[in-house]
Every structure is written in C-alpha cells, then in structure tokens.
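# What the coordinates show
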Amino acid sequence: MEKNKLIEPVKVALNMEKDGLKFYLESVEKVSNELIKDLLTSLAKDEEEHYNSFKTIYDSFKENNNWPEEVKITANKNSKTIFEEYAAKNKEEVKDAKDEMDIVKMALEIEKKSYNFYKKLTEKIEENNVKMFFEKLADVENEHYKLLDDTYQYLNNPADFFIKEEKPIFEG
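Cut-offs used in this document
- Residues numbered from 1 in each chain as written.
- Predicted model: local features only at pLDDT ≥ 70, side-chain atom pairs only at ≥ 80, totals over all residues.
- Heavy atoms only, no water.
- Helix = DSSP H or I, 4+ residues; strand = E, 2+ residues; numbered from the N terminus.
- Buried < 20%, exposed > 50% of the residue type's maximum accessible area, 1.4 Å probe, protein only.
- Contact = heavy atoms within 4.5 Å.
- Axes fitted to C-alpha atoms, helices over the stretch in contact; angles between N-to-C directions.
- Parallel < 35°, antiparallel > 145°, perpendicular 65-115°, else oblique.
- Left-handed = near helix turned anticlockwise from the far one by under 90°.
- Nonpolar A, V, L, I, M, F, W, Y, C, P; charged D, E, K, R; others polar.
- Phe/Tyr/Trp six-rings, centres within 6.5 Å; stacked < 30°, edge-to-face > 60°.
- Core = buried A, V, L, I, M, F, W, Y, C linked by side-chain atoms within 4.5 Å.

### Here's the deal with the overall build of the chain
Looking only at helices and strands, the chain has six helices and zero strands in total. What you see in the chain, going N to C, is helices and strands ordered as α-α-α-α-α-α. Split into buried and exposed, the 172 residues of the chain put 41% on the buried side. Residue pairs in contact within the chain that sit at least 24 positions apart in sequence constitute 79% of those at least 6 positions apart.

Put into structure tokens, the structure is as follows:
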C-alpha cells in the first residue's frame, strides 16, 4: 500500500479508537459490577493509548507524508490481571450482572470489528514496520476480545467457566 493511501485507514483507525474510548468511558458510568467496571476502565486506557498513537501517525502524515520514526502499541497488562483476580476472589459468588451483559456484548463487537479492520489492513501493507504495527494492534484487539469473552462467560455461568478453565482431573 502506498504511503499516500495509508492516510485514509489511519483516519478510520483514529475514529474507531476514539469511538471505542468514548464507549468504554460512558459504559463505566452505567455498570455497577466491579469486574466489568474495572475491565472497561482498563480497556479505555488502552483505547486512549491507541488513539494517541494514531494521532501521532496522522500528524506525521499531515506534516511530512511519512510514517513516524517511532510509534508504539502496547496492551495494558492490568486488564488480564483484573479478570484473573476477580474470578479467583469471587469463585462462588457472582453479582447478578445480566443487565450489564449487553455492554459486554457491545464491547465484544467493537473489539471484533477493530481486529478485523486491522487484520485486513495488514494484508494490504508492504512496508515491514507499518505492517508490524498493525499486526501488533490486531493482536492487542484480539486479547481485548478474549478478556471480554472470558468475562461474559464467567458472569453468565461461573460454574461452567471454572469447569472449562480448570479441566477436572477426571477428564479423560
């Protein structure tokens, strides 16, 4: 993909990350379940970082039509820990989060859409550093999806979740 054609997907990504950030921040205010609230807060931090990275890229294209020398994407390591700690503490007792599950479902769709966008984009990009950036971003979005899916499965049916995760010793 030519450099001048990269600006459009960067603009789309910038808007996607901004929309994701807005969704997570607004959703945090609507939920009371501690796990969902903490996870959405953590995901909002990731989306904000992604937005800032795309802003740097966009500004670099506007100023000199080049990919910036250095731009990083990392995942908030705290997201996975939040889920694991909550699940361990609340193995037997889960607050009824059925009404809040719609927010988790919407978050799953956002992450799935982002992952698919970034994955398709990597197929069109030839420059190695740009391709690696979008591959890493797709991986991060996929991790977000897995965390949200685990959260959904756990809150929907904790007993089944632990059976699947812990694999009973009598399993043959």
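Following the structure, the description resumes.
### Overview of the packing of helix H2 (residues 34-64) against helix H5 (residues 128-156)
Contact geometry for H2 and H5: axes closest at 12 Å, N-to-C directions at 165°. The orientation of H2 relative to H5 falls into the category roughly antiparallel. Handedness of the crossing formed by H2 with H5: left-handed. For the pair H2 and H5, contact is made by Leu-35, Ile-36, Leu-39, Leu-43, Asp-46, Glu-47, His-50, Ser-53, Phe-54 and Ile-57 and by Phe-133, Phe-134, Leu-137, Val-140, Glu-141, His-144, Leu-147, Leu-148, Thr-151, Tyr-154 and Leu-155, respectively. In terms of residue class, the contact of H2 with H5 is made up of 14 nonpolar, four polar and three charged.

### Quick notes on the packing of aromatic side chains
Aromatic ring pairs are defined here through the distance separating the ring centres and the angle between the ring planes. Taken as a whole, this structure holds ten aromatic pairs when the rule is applied. Seen from their ring centres, Phe-54 and Phe-134 are 5.8 Å apart, and the 35° between their planes marks the pair as tilted. Residue Phe-54 is found in helix H2, and its partner Phe-134 is found in helix H5; the two are separated by 80 residues along the sequence. Taking relative accessible area as the criterion, Phe-54 reaches 0% and is therefore assigned buried. Ring centres 5.9 Å apart and planes at 55° place the aromatic pair Trp-67 and Phe-134 in the tilted group. Taken together, the residues Trp-67 in the loop between H2 and helix H3 (78-89) and Phe-134 in helix H5 connect sequence positions 67 residues apart. Grouping aromatic residues by their ring pairs yields a cluster made of Phe-54, Phe-61, Trp-67, Phe-117, Tyr-118, Phe-133 and Phe-134.

### Remarks on the nonpolar core
In this structure, Tyr-24, Ile-36, Leu-40, Val-104, Leu-148 and Leu-155 are the most contacted members of the largest nonpolar core, which totals 22 residues. Within the residue set of this core, elements represented by two or more residues are helix H1 (3-28), H2, helix H4 (101-124) and H5. For this core, the leading source of residues is H2, giving six residues. Filtering out sequence-adjacent residues up to four positions away, Val-104 remains in contact with Ile-36, Leu-148 and Tyr-152. Counting 19 residues, the second largest nonpolar core, distinct from the first, contains Leu-6, Met-16, Trp-67 and Val-130.

### A word on the packing of H4 against H5
Direction vectors running N to C along H4 and H5 enclose 160°, while the axes themselves pass 8 Å from each other. Relative to H5, H4 is oriented roughly antiparallel. Crossing handedness for the pair H4 and H5: left-handed. Its residues assigned to classes, the contact of H4 with H5 shows 14 nonpolar, five polar and nine charged.

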